[in-house]
Amino acid sequence: MKEKMKEIAQRVSELRELSDVHPEEMAGYLKIPYETYIGYEEGKNDIPASVLYEIAQKLKVDMGLLLTGEETRMHIFTVTRKDKGVRVERRKQYKYENLAEKFIHKKAEPFIVTVKPRIDKGKPHTNSHPGQEFNYLIKGSLKLYIHDNEIILEEGDSIFFDSSYEHAMEALNDKKAKFLAIIL
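> Sorry, what's going on with the pattern of salt bridges here?
Between side chains of opposite charge, a pair can form as their charged atoms come close. The full count for this structure, using the stated rule, is eight salt bridges. As a salt-bridge pair, Glu25 and Lys58 come within 3.1 Å of each other at their nearest N and O atoms. Here the residue Glu25 occupies a position in helix H2 (residues 23-30), and Lys58 occupies one in helix H4 (residues 49-59), the gap between them amounting to 33 residues. By relative accessible area, which is 36% here, Glu25 ends up partly exposed. Here Lys44 makes a salt bridge to Glu42, at a shortest N to O gap of 3.0 Å. A single network of salt bridges, built from pairs that share partners, joins Arg16, Glu17 and Glu41.

Here is the structure:
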C-alpha cells in the first residue's frame with residue numbers, strides 16, 4: 001500500500017506543477033500547514049480521501065486521475081462491481097473504496113468506508129474539509145464526533161453534515177463498521 005501512496009503523491013505533485021499552483025498556495029487552499037502538505041507530496045504522509053477530493057477540485061481534475069493515473073471518461077454511467085473499487089487507505093483504522101473513480105465531472109465522491117476498532121482510547125483524530133458529507137451505516141455500530149457532538153449510528157442509520165466542522169468516526173463493540181460515504 002505504501003507504493004500506491006507514493007504513486008498518488010507523485011501524481012499530485014506533477015499535476016500541481018502542471019497547473020502552475022505553488023505548494024504554499026495549495027497548503028493555504030487546503031487550510032493545512034505547509035509542512036503537512038509537503039509531507040503528502042513527498043509520500044511521507046497518507047493523503048486523506050477528503051483532502052484528495054479538495055486537491056482534485058483545486059487542480060480541476062477528477063479524483064480518479066489522482067487515484068489511478070488514468071483519465072476518467074465515463075459520462076453516462078459507471079458500474080463498480082462489489083469489492084472492485086479503487087482502494088485508498090487513509091489511516092490505520094480507515095479504508096476507503098471509491099465507487100465512481102471512472103465517471104467524469106462528478107458532483108460528489110462516493111466511497112465505501114471500513115473502520116476498524118481502535119486500540120487506543122480517547123477521542124480519535126479529527127479532520128475537516130469543505131462541503132458536506134452523507135454517511136449511511138451498512139454494518140456494525142459507529143460513533144461520530146462532529147464539532148462538540150457525539151452521535152451513535154446503528155445499521156440502517158444515516159447522517160448528513162457540514163464537513164467543514166471537525167469530525168471523526170470510531171467503530172464500536174470491537175467490530176468493524178462499514179458505511180457508504182458521499183462527499184459533496
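More follows now that the structure is in view.
> Where do I start with the sheet that holds strand E8 (residues 167-171) in this structure?
Two pairing modes exist for strands in a sheet, parallel and antiparallel, and in both the strands are linked by backbone hydrogen bonds. Spatially, the three strands line up as an open sheet ordered E6-E5-E8, and their pairing is antiparallel. Each having just a single partner strand, strand E6 (149-153) and E8 make up the two edges of the open sheet. Mean inter-strand twist for the sheet, computed between neighbouring axes without regard to direction, equals 20°. When strand E5 (residues 142-146) meets E8, the two strands line up antiparallel, connected through five bridges. Counterpart to Leu144 in the pairing with E8 is Met169.

> It is not clear to me how the environment of Gly64 should be interpreted in this structure. Could you clarify?
Looking at the element boundaries, Gly64 is found in helix H5 (residues 63-68). For Gly64, a relative accessible area of 0% gives the class buried. Separated by 110 residues in the primary sequence, Gly64 and Asp174 have C-alpha atoms spaced 33 Å apart.

Conventions we followed
- Each chain carries its own residue numbering, running from 1 in the direction its sequence is written.
- A pLDDT threshold of at least 70 governs which residues receive local features in this predicted model, and a stricter bar of 80 or more applies before side-chain atom pairs are shown or counted, although totals over entire chains, interfaces and linings include all residues.
- Note that water and hydrogens are dropped before the side-chain values are worked out from all heavy atoms of the structure.
- The rule for a salt bridge is simple: a side-chain nitrogen of Lys or Arg has to be within 4 Å of a carboxyl oxygen of Asp or Glu.
- Secondary structure elements are taken from DSSP: a helix is a run of H or I of four residues or more, a strand is a run of E of two residues or more, and numbering for both begins at the N terminus.
- Each residue's exposure class comes from its accessible area (1.4 Å probe, protein chains only) as a fraction of the maximum for that residue type: buried when under 20%, exposed when over 50%, partly exposed otherwise.
- When DSSP finds at least two bridges between two strands, those strands are taken to pair.
- Each axis is a line fitted through C-alpha atoms, taken for helices only over the stretch in contact, and angles between the N-to-C directions span 0 to 180 degrees.

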